[in-house]
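# Observations on chain architecture
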Number of protein chains: 2
Amino acid sequence: MARRKILEAAWAVAREQGLAALTLRGIADRVGMKAPSLYSHFESKHAIYDAMLGASWTEFLKRTRTVTLPDSPRAALSTIARTFFDFATEDLARHQLMNLRTIPGFTPSEASYAPAVAALSEMVERVRALGVEVSDADIDLYTALVGGLVDQQWANDPGGTRWARLLDRAMDMYADNLDLPREDP
Amino acid sequence: MARRKILEAAWAVAREQGLAALTLRGIADRVGMKAPSLYSHFESKHAIYDAMLGASWTEFLKRTRTVTLPDSPRAALSTIARTFFDFATEDLARHQLMNLRTIPGFTPSEASYAPAVAALSEMVERVRALGVEVSDADIDLYTALVGGLVDQQWANDPGGTRWARLLDRAMDMYADNLDLPREDP
DNA sequence: GTCTATAGTTTGATAGAC
DNA sequence: GTCTATCAAACTATAGAC
């Protein structure tokens with residue numbers, strides 16, 4: 001399908017030159033078309049961004065669903081954090097699209113953002129099913145902590161492990177704050 | 001001085017329309033000049049960004065220097081975090097400029113970035129002077145935590161207090177992780 | 001120092017032939 | 001669906017008169 005090829009080309013350009021450098025001509029060149037032809041498949045440039053965003057969150061949602069959580073609440077929180085951290089540090093363009101507001105004038109459609117909401121709420125449900133009572137504030141602190149590690153990793157050590165190495169410690173710190181029981185006494 | 005008026009106009013435009021929307025015409029219009037005239041005062045548009053960045057970090061450095069830290073290490077960490085958090089949530093355009101890489105092709109000059117480095121290292125020194133031994137990893141975790149709270153605040157509750165309210169708890173959590181003594185037993 | 005004029009690009013988007 | 005041709009607009013930056 002043409003839509004699929006166009007989106008693949010868009011990802012390739014975004015990865016090579018940055019998300020902000022994405023242009024219709026650049027996409028069209030790579031896919032062997034002329035820029036106006038893209039309008040037969042997408043309503044606008046923002047529609048392409050939106051499709052990319054929706055696909056990204058859908059892929060993340062899919063990945064979270066394939067993850068089996070450990071029974072231990074402490075280990076479960078760590079697994080979830082690692083899943084998000086790895087996904088967010090795999091691809092800068094994707095991270096910018098999903099987690100940063102880097103494109104002026106672009107607001108995601110409700111449909112494209114839905115899997116993002118689903119991914120978070122499903123994870124919260126699964127953690128609660130393990131017997132952990134988490135409040136909204138607990139969740140907010142968690143997202144800030146994991147998101148902060150991701151951002152620092154990208155900003156100050158892209159491709160490295162300087163903040164990735166801190167993830168387990170951060171999760172321990174967080175679990176302690178929730179008064180979760182320790183495995184290894 | 002003309003330079004100062006231009007920078008003030010640039011800030012005004014950035015606050016109203018976003019940092020990415022900054023144009024030479026927009027700045028010139030506001031200051032009552034024509035766009036090319038700006039080149040008598042700044043070498044390029046990036047030079048304007050750079051001057052804004054330098055001024056921002058210099059202002060932050062100045063503010064940190066006026067802050068008196070409590071003797072208690074735990075309270076000191078909290079004070080530092082609050083100082084940064086407040087500064088970073090006061091002005092979105094400034095935050096984007098200082099802490100995000102939102103302008104394509106713009107890299108800060110060494111001179112403009114120097115006060116940023118100074119602010120961090122001075123704070124670390126002052127904390128160490130209180131008797132707290134902090135490693136590089138400790139600092140990395142700290143910056144990720146505070147920066148993560150700031151980003152979440154801007155992204156999901158701009159102008160609100162949803163993550164601001166979590167700052168004290170986050171600092172307690174962090175201080176616990178450092179095994180700092182509690183004040184109130 | 002400030003202006004007019006303009007170069008030189010690049011962009012998203014549309015019209016209409018095929 | 002894809003193309004050529006083009007629009008209309010925006011931008012940074014430079015040249016040169018005053």
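Notes on the structure follow. (Residues numbered from 1 in each chain as written. Chains lettered and ligands numbered in written order. Predicted model: local features only at pLDDT ≥ 70, side-chain atom pairs only at ≥ 80, totals over all residues. Heavy atoms only, no water.)

Residue and element names in this part refer to chain A. Orientation of helix α3 (residues 45–66) relative to helix α5 (residues 92–99), taken along the N-to-C sense of each, is 100°, at an axis distance of 10 Å. Taken as axis vectors, α3 and α5 run roughly perpendicular relative to one another. Contacts from Y49, M52, L53, S56, W57, E59 and F60 of α3 reach α5 at R94, L97, M98 and N99. Of the residues in the contact of α3 with α5, the class split is 7 nonpolar, 2 polar and 2 charged. (Axes fitted to C-alpha atoms, helices over the stretch in contact; angles between N-to-C directions. Helix = DSSP H or I, 4+ residues; strand = E, 2+ residues; numbered from the N terminus. Parallel < 35°, antiparallel > 145°, perpendicular 65-115°, else oblique. Contact = heavy atoms within 4.5 Å. Nonpolar A, V, L, I, M, F, W, Y, C, P; charged D, E, K, R; others polar.)

For the rest of this paragraph, the subject is the protein's contact with DNA strand C. Residues in contact with DNA strand C amount to 15 residues; listed here are only the nearest, Y39 and K45 of chain A together with S37, S40 and H41 of chain B. Looking at DNA strand C alone, sugar and phosphate atoms form 61% of those within 4 Å of the protein. The side chain of R25 of chain A places a nitrogen or oxygen atom 3.1 Å from a base nitrogen of DNA strand C. The contact in question runs from a phosphate oxygen of DNA strand C to an N or O atom on the side chain of H41 of chain B, over 2.4 Å. Residues of the surface near DNA strand C, tallied by class, amount to 6 nonpolar, 6 polar and 3 charged. (Near = heavy atom within 4 Å. Polar contact = N/O pair within 3.5 Å; in protein donor to acceptor, adjacent residues only side chain to side chain.)

Attention now goes to the interface of chain B and chain A. With 24 residues of chain B at the interface, the matching set in chain A holds 24 residues. In total, about 2200 Å² of surface goes out of reach between chain B and chain A, with carbon and sulfur atoms giving 56% of it. We note a salt bridge from R162 of chain B to D140 of chain A, for which the minimum N-O separation is 2.7 Å. Counting the contacts that link chain B with chain A gives 8 residue pairs in polar contact (both at pLDDT 80 or more). Those elements giving two or more residues to the side of chain B that touches chain A turn out to be α7 (136–156) and α8 (167–177) of chain B. Considering each element in turn, the side of chain B that touches chain A owes the most residues, 12 residues, to α7 of chain B. Here the side of chain B that touches chain A is composed, by residue class, of 14 nonpolar, 4 polar and 6 charged. (Buried area = accessible area lost by both parts, 1.4 Å probe. Salt bridge = Lys/Arg side-chain N within 4 Å of Asp/Glu carboxyl O.)

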